[in-house]
Structures are given as structure tokens and as C-alpha cells.
Protein chains: 2
Amino acid sequence: MSEKKSYSIGELASEFDVTTRSIRFYEDQGLLHPTRRGQTRIYSSQDRVRMKLILRGKRLGFSLAEIRDLFSLWDETLSGSEKQLNLLLEIISQKRAELDQQLKDIAMVQVELDNAEIRCREALAELQAQKQQVS
Amino acid sequence: MSEKKSYSIGELASEFDVTTRSIRFYEDQGLLHPTRRGQTRIYSSQDRVRMKLILRGKRLGFSLAEIRDLFSLWDETLSGSEKQLNLLLEIISQKRAELDQQLKDIAMVQVELDNAEIRCREALAELQAQKQQVS
DNA sequence: CAGATACTTTACGTTTACGTAAACTTACCC
DNA sequence: GGGTAAGTTTACGTAAACGTAAAGTATCTG
């Protein structure tokens, strides 16, 4: 429905809550390739999708260089030679391994947060008990 | 069983595959507090646990400052006032929200990796088919 | 058409997380 | 006791990911 076809840099910036500086920097690093109307950058809905992917990648701790590599990896998939394609499969499986490690890490941190919360609530209960004794 | 009680900086470095420079830097940033024998740093098994936590945090994209804050948060849990403790509970729940976001991100990236792999395998199959035709 | 708003390039500055080198002490080994 | 391996401090260097300021252009708006 609301398939807007082009965006200004300002629109993207406010939608994703980043500065225009960042967006231009992403272009500089080869992550975005907006067209131009004169000097002015025009972003397609494809570019908008890429912005989402960039931010998602950053939240997962990927560097911009890694994200760019993943993009070009994706872009070259169809035109790749057999050797290229097998390399891509390897990279994909390696990225999967990284994500699996992250899942493990998250699970462990969640356990630690659980413990921290329990300790916290016990300490609070202790304080309440002391109040009772005083009153 | 193998509960070694102290470690040199070199031992920790090789165990966790980081440089001694990094370990000293973590100390500089308040993440580690080894004791000393003369000039030489001596790390306890507590410090070793912290190294694990530091690296885990880094894999999840936390900055050293954030990790340090989480450490002191944990350390001050027991001695905290009621107000402090409630603040900690808030921070914990916020960290939990971050992890949930990361889980979502990971799930979405996994789907994209699946798609990429499928495209890749299709392109490979295409190449095989072409070979057949030629032969 | 004047002024505000949004966009542009250029370029230097900043923070984080170390790398790297120098110059020095300490510990162990034959 | 002479080396060499591992430790130390001090300090400058660096890559990544922008921030920030300057100085100009383009567009819209009353």
C-alpha cells in the first residue's frame, strides 16, 4: 500500500533516527548507492531496506566493512562462478556459526541477569524486613 | 579439581587469545583489579571469570564502559540502598530488552542467510545444468 | 525576491580499543 | 653471571565511526 518509491536523506535520517552525516558516511563506505537529482541524493525503497539491514547489523556488533561485504556477497550471488559460489556458501556457514555463538552468549547473559535480579530482590526483601523490626 | 588460584598476565593472554596489552588496558579502564607481587600483576580465578565475561560482552557488541558499569552494578548489589536497588532492577530489565532485540535481529539474519544459501545452491544447480547441456 | 530550510562538499576533531616501540626491571637457566 | 624470556611503565600511532564546523547551492514559501 504505502509503497513510497523515493526518499530524501532527511526522511531516512528521521525515520531511522540517525544523522545525515551517518547516512552519507555509509555511502562513502560503499554501503549505499543512492541516485542523484543534480547534486541531491535520492534514496529508493531498496536503499531504505539496506538502512534497516545496516542498523540491524550494527546492533549485532558487525562492522560497516563486514556489512558491506555481506551486501556485495548477496549482490554477486547470481553472477558468481562455481568457485565463487562455493566460497559464498562457506562464508554463509561461518556467519551462521557466529550467530550461534551469539545465541549462546545471550543465553548465558540472560542467566546472569536472572541471578542479578534475584540477588537484587533478596536484598530488597532484607531491607523490608529490617524496617519491620525497627517499627 | 583443577582450581588454579592465580594466573600471570601471559597465561590469561594465551588462554583467551588476547594480547597482554589488552589485558592491561582492561585494568586501566577499571574492568580488572589484579593484585601485585612487587610490580608483577597476579590474577585470581575471579579475574579469570571476569575475562570470560568481558569477551562475552564484547562479542555481543557491548563497549568496555558498559561492561565495567555492569560489573560495578553487580558488585554494589548487596550494599545498595532501596533506591539503588530499584534502579538496578530497571537497568537489568533494560538490558533484558536489548538482548530480546538482539534475539529478534539474529532470527531475521538467520532467515536471510537461509535465503542466501538457497539462492546460492540454485545458482550452482543452474551451472551444473549448463554443463550437462554442453557435454 | 528575501529569508528560512534542506541539501551539498570539504575537512579537521573525537572517542574507543587497542597496536607498537622504547627503555627498563625481574626471574629463571645453564 | 650472562643471556633470554616475561614482566613493567610511558607514550605515541592507528582504524573505525562518526561529530562538528564552514561555506556554498537549491528549493520552497509567504
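This report concerns the structure included in the present document.

What counts, and at which threshold
- The residue count restarts for each chain, going from 1 along the sequence in the order it is written.
- Chains and ligands are labelled by the order in which they are written, letters from A for the one and numbers from 1 for the other.
- Selection of residues for local features in this predicted model requires a pLDDT of at least 70, selection of side-chain atom pairs for listing and counting requires 80 or more, and totals for whole chains, interfaces and linings are taken over all residues.
- With hydrogens and water stripped out, all remaining heavy atoms of the structure feed into the side-chain values.
- Strands are labelled as partners when DSSP assigns at least two bridges between them.
- Per the convention used, a helix needs a DSSP run of H or I reaching at least four residues, while a strand needs a run of E reaching at least two, with both numbered from the N terminus.
- Note on definitions: a residue-residue contact is assigned when non-hydrogen atoms from the two residues lie within 4.5 Å.
- Note on definitions: buried area is the accessible-area loss of two parts on being combined, 1.4 Å probe, summed for both.
- A pairing counts as a salt bridge when a side-chain nitrogen of Lys or Arg comes within 4 Å of a carboxyl oxygen of Asp or Glu.
- Whenever a nitrogen or oxygen atom comes within 3.5 Å of another N or O atom, the pair is scored as a polar contact, on the condition that within protein one atom can donate a hydrogen and the other can accept it, and that pairs from neighbouring residues in sequence are kept only if both atoms are in side chains.
- Gly is put with the polar residues, along with every residue not named as nonpolar or charged; the nonpolar set is Ala, Val, Leu, Ile, Met, Phe, Trp, Tyr, Cys and Pro, and the charged set is Asp, Glu, Lys and Arg.

Right, let's talk about the sheet that holds strand β1 (residues 6–7) of chain A for a bit. All names here are of chain A. Taken in spatial order, the three strands make up an open sheet running β1-β3-β2, and their pairing is antiparallel. Both outer strands of the open sheet, β1 and β2 (35–37), are each paired with one neighbouring strand and no more. Of the pairings in the sheet, the one linking β2 to strand β3 (residues 40–44) comprises three bridges and is antiparallel in character. Bridge assignment links Arg-36 to a residue of β3, and that residue is Arg-41.

It is worth spelling out the interface of chain A and chain B at this point. Interface size is commonly expressed as the accessible area that is lost once the parts come together. Taken together, the contacts link 41 residues of chain A with 41 residues of chain B. Each partner contributes to the roughly 4,200 Å² buried at the junction of chain A and chain B, and carbon and sulfur atoms together form 68% of this total. If you look at where chain A meets chain B, you find ten salt bridges. The closest approach of N and O atoms between A:Glu117 and B:Arg96, which form a salt bridge, is 2.2 Å. In this assembly, chain A and chain B are joined by eight residue pairs in polar contact (both at pLDDT 80 or more). Counting residues per element, the ones that place at least two in the side of chain A that touches chain B are α3 (45–59) and α5 (82–134) of chain A. A per-class count over the side of chain A that touches chain B returns 19 nonpolar, nine polar and 13 charged.

These figures capture arrangement, not role.
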